[in-house]
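# Residue-level structural notes
Residues per chain, in single letters:
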Amino acid sequence: MLVEAVKCYSQYQLLRRIAMSNNQTYITVNELAERLHYNPRYINQSLKDSVLFEGKHYIRPFGGRKVLYIWEAIEEEMSRYSRIANGAIPMSNGGHCYG
């Protein structure tokens, strides 16, 4: 069991080094929950695979069960929705009225 924990930790450290070289920040669901002020369970059950998609917003390193979120992609997605709704009135057809 200790060997598996060390192996997981070393994989996590390796992934952190790769992320830093790619200028992407990979974070766990608990770190994401802290940044967004959401419950980690809500992120896993409601946002994952409906708003946050694998390959764009999160990855499963080494084909495992662990999920690491890409902070820059999530930040960009949130700001995209903020720019649309900023000062606009939503219309029933999905568009926005700016006046």
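Residues numbered from 1 in each chain as written. Predicted model: local features only at pLDDT ≥ 70, side-chain atom pairs only at ≥ 80, totals over all residues. Heavy atoms only, no water.

## Quick word on helix α3 (residues 40–47)
Quick note on the threshold: Side-chain atoms alone can form a polar contact between residues adjacent in sequence; in general such a contact is a pair of N or O atoms within 3.5 Å, and within protein one must be able to donate a hydrogen while the other accepts it. What counts as a helix is a DSSP run of H or I of at least four residues, what counts as a strand is a run of E of at least two, and both are numbered from the N terminus.
Between the side-chain oxygen of the N-cap and the backbone nitrogen of Arg-41 there are 3.0 Å, and the N-cap of α3 in question is Asn-39. After α3 finishes, the residue Asp-49 shows a positive phi value of roughly 75°.

## With respect to the confidence of the model for the chain
Low pLDDT means the predicted coordinates in that region are not meant to be read closely. Stated precisely, the cut-off is as follows: Think of pLDDT as the predictor's per-residue confidence, scored from 0 to 100.
Of the residues in the chain, 70% reach a pLDDT of 70 or more, and the chain-wide mean stands at 80. Element-level mean pLDDT values for the chain span from 56 in helix α1 (residues 2–21) up to 96 in helix α2 (residues 29–36).

## Observations concerning the sheet that holds strand β1 (residues 26–27)
Basically, it comes down to this: In this analysis, strands are considered paired if DSSP registers two or more bridges between them.
Read across the sheet, 3 strands follow the order β1-β3-β2 without closing on themselves; strand pairing throughout is antiparallel. Among the strands making up the open sheet, the edge pair consists of β1 and β2 (58–59). Note: β1 against strand β3 (residues 68–70), 2 bridges, orientation antiparallel. Bridged to Ile-27 within β3 is Tyr-69.

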